[in-house]
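Read off the chains here:
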Amino acid sequence: MPPLNAATGPLAGYRVIEAARFVTGPYAAQLLADLGADVVKIEDPEGGDPFRGWDERGGYAPMYHAFNRSKRSLTLNLRHPEGRVVIEKLVAQADVFIENFRPGVAEKLGIGYERLSALNPRLVYCSITGMGRDGPYAQRPSYDIVGQGLSGFLSLLVDLDDPKPVGPTFSDTLTGMFAGYGILAALHARVRTGKGQLVETSLLQATMGFMNEPFMTYFGAGKAPAATDRPRMSKVFTALCSDGLPIAIHLSSPQKFWRAFVTAAGRPDMIEDARFKTGRDQQKNWHIVHEILRPIFREKTRQQWFDILVAAEVPVAPIYRLDEALADPQVQHLDMIKKAVHPEKGEVSLVGFPVSLSATPMGPVRAPDTLGEHSDEVLREIGYSADEIARMRAEKLV
């Protein structure tokens, strides 16, 4: 069996070694796999990535499913002395190495940047941490909500007087995306220099880097924005319709959207109302807009309002649940949901890569592998015989 996606995608021919768990490192590696790289995921023989056992689905929990498609699983005990030898052989043929241990752990295992880059000077080594390599918080245990909270991001999502965390793994996923971005930049630089380099990011840095607009707002106004400030400045209107279903309108800057919106809502008089005369006036009194128009939206169903507002060319969307989003005609037209066959679970659904490339299109996505599914295959590729692999398995190395 050839490496996954070996013949297609802009990263075809590149090999990535992923020694990472949970979200940040696995997501960065998955993005590279989507682009055609051959990603070898190293997992502990005793259970593998912790997300495999996140629920009762026998090593195929949705959280594992989400961040590990199109890879090859190699079980390897990194604490075993011979595990380092296997890593070194893999790295000798690799382009990228990704780890997300706490600072210092990779060095203790003998797989830190200095060691591996000395073996392969062309290696792009990506280290992902919670708070950074050093500093007062470097050794703290860090997960998604820690990154959200410390960066200030969570303050823009919750009511600070009654904080209830919401939403998906923002900090974890953003960190994986920025890590993938840095890796691609380092690979591009290698074309010119012939040398690899160390790529570093953290939950804290990546989440703050995502928040350019809120921080610029703070620098300009000298006051930290609240969760409701950006929706008010962007003139976002939300309401429940007569059938109890929610709808959202985003009017932004052009006044034509404001005029079309209030006219479609049956209140054209609001165009000349002094409280809403200019965009600044509307932002200042946006709470009054909600007070006036929300009761009106209770008079028609969401579909009725959607049809009216689309016809008026108002930027509008239903606030969908995920099942509703999957059924939407535009989502289906974009072919975002892919099917793949898992060796144990049969046909499974996956969310496709959201970017297309005309000259180097990506190949089909592959279902996440079973634990150690490709161990023999990968070990053979780096020179191990069947007898040696059997011995390694007996010694619980793989």
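The structure displayed is predicted, hence computed values, not measured ones.

Thresholds, definitions, all that
Residues numbered from 1 in each chain as written. Predicted model: local features only at pLDDT ≥ 70, side-chain atom pairs only at ≥ 80, totals over all residues. Heavy atoms only, no water. Helix = DSSP H or I, 4+ residues; strand = E, 2+ residues; numbered from the N terminus. Buried < 20%, exposed > 50% of the residue type's maximum accessible area, 1.4 Å probe, protein only. Contact = heavy atoms within 4.5 Å. Areas by Shrake-Rupley, 256 points an atom, 1.4 Å probe, with all protein chains shown as cover. Lys, Arg positive; Asp, Glu negative; His and termini not counted. Charge placed at Lys NZ, Arg CZ, Asp CG, Glu CD. Axes fitted to C-alpha atoms, helices over the stretch in contact; angles between N-to-C directions. Nonpolar A, V, L, I, M, F, W, Y, C, P; charged D, E, K, R; others polar. pLDDT = per-residue confidence, 0-100. Parallel < 35°, antiparallel > 145°, perpendicular 65-115°, else oblique. Left-handed = near helix turned anticlockwise from the far one by under 90°. Pairing = 2+ DSSP bridges. Core = buried A, V, L, I, M, F, W, Y, C linked by side-chain atoms within 4.5 Å. Phe/Tyr/Trp six-rings, centres within 6.5 Å; stacked < 30°, edge-to-face > 60°. Lys NZ or Arg CZ within 6 Å of the ring centre and 35° of its normal.

Moving on to the overall build of the chain. Helices and strands together make up the secondary structure of the chain, namely 18 helices and eleven strands. Taking the principal axes of the C-alpha coordinates as reference, the chain spans close to 85 × 50 × 45 Å. Classification of the 398 residues of the chain by burial places 45% in the buried group. If you take every contact in the chain between residues at least 6 apart in sequence, the share linking residues at least 24 apart comes to 69%. Accessible area for the chain stands at about 20,200 Å²; split by element, carbon and sulfur atoms hold 57% of it. Side chains of the chain carry 45 positive and 47 negative charges; the gap between the two charge centres is 4 Å.

With that settled, the discussion passes to the packing of helix H11 (residues 255–264) against helix H13 (residues 286–297). The axes of two packed helices give the description: the angle between them and the distance between them. Their axes nearest at 11 Å, the elements H11 and H13 cross at an angle of 35°. Facing H11, whose interface residues are Trp258, Phe261 and Val262, H13 presents Trp286, Val289, Leu293 and Phe297. Its residues placed into classes, the contact of H11 with H13 shows seven nonpolar, no polar and no charged.

This paragraph deals with the confidence of the model for the chain. Per-chain confidence: the chain averages 95 in pLDDT, with 97% of residues scoring 70 or above. Ignoring residues within four places in sequence, the model shows residues 1–6, a span with pLDDT below 50, making 22 contacts including any to other chains.

Before going further, it helps to spend a moment on the packing of helix H1 (residues 24–34) against helix H7 (residues 170–193). Where H1 meets H7, the closest approach of the two axes is 7 Å, and the angle between their N-to-C directions is 50°. Judged on the interaxial angle alone, H7 and H1 are oblique. You can see that H1 and H7 cross each other, and the crossing is right-handed. Here H1 contributes Thr24, Tyr27, Ala28, Leu31 and Leu32 to the contact with H7, which in turn contributes Asp172, Thr173, Thr175, Gly176, Met177, Ala179, Gly180, Ile183 and Leu184.

A separate point is the sheet that holds strand S3 (residues 71–75). Here we have six strands laid out as an open sheet, ordered S3-S2-S1-S4-S5-S6, and parallel in their pairing. The open sheet is flanked by S3 and strand S6 (198–202), the only strands paired with a single partner. Pairwise comparison of adjacent strand axes, ignoring direction, gives a mean angle of 20° for this sheet. Sheet analysis places strand S5 (residues 124–129) next to S6, joined by five bridges and oriented parallel. Residue Cys126 lies in a different strand from S6, and its bridge partner there is Val199.

Judged by nonpolar contacts, the single largest core of 28 residues is most densely connected at Ile87, Phe97, Ile111 and Leu379. The set of elements that each furnish at least two residues to this core consists of strand S1 (15–19), strand S2 (38–43), helix H3 (81–92), helix H17 (375–381) and helix H18 (386–394). The element that contributes the greatest number of residues to this core is H3, accounting for four residues. Those residues within four positions of Ile87 in sequence are excluded, and the remaining contacts are Ile42, Leu76, Leu78, Phe97, Ile111 and Leu116.

For the rest of this paragraph, the subject is the packing of aromatic side chains. Across all of its chains, the model carries 16 aromatic pairs by this definition. Ring geometry for Phe51 and Trp54: centres 4.8 Å apart, planes at 80°, overall edge-to-face. Judged by relative accessible area, which is 53%, Trp54 ranks as exposed. Ring geometry for Trp258 against Trp286: centres 6.1 Å apart, planes inclined by 50°, an arrangement best described as tilted. Taken together, the positions of Trp258 in helix H11 and Trp286 in helix H13 put the pair 28 residues apart, joining distant regions of the chain. Both residues of the pair, Trp258 and Trp286, count as buried. Members of the aromatic cluster, connected to one another through ring pairs, are Phe22, Phe51, Trp54 and Tyr143. We note Arg140 situated over the ring of Tyr137; from NZ or CZ to the ring centre the distance is 3.6 Å.

For the rest of this paragraph, the subject is the side chain of Ser73. Position of Ser73 among the secondary structure elements: in strand S3. Assessed through its relative accessible area of 0%, Ser73 is described here as buried. Apart from residues lying up to four places away in sequence, Ser73 is in contact with Lys41, Glu43, Arg52, Asp369, Thr370, Leu371, Gly372, Glu373, His374 and Ser375.

Taking strand neighbours across the sheet as the criterion, the three strands line up as S7-S8-S9 in an open arrangement whose pairing is antiparallel. Where the open sheet ends on each side, the last strands, each with one partner, are strand S7 (236–240) and strand S9 (316–318). With direction set aside, neighbouring strand axes in the sheet form an average angle of 20°. Sheet topology note: the S7/strand S8 (residues 246–250) ladder contains five bridges and is antiparallel. Of the residues in S8, the one forming a bridge with Ala239 is Ile247. Those strands touched by H13 are S7 and S8, and its axis lies near 35° from that of S7.

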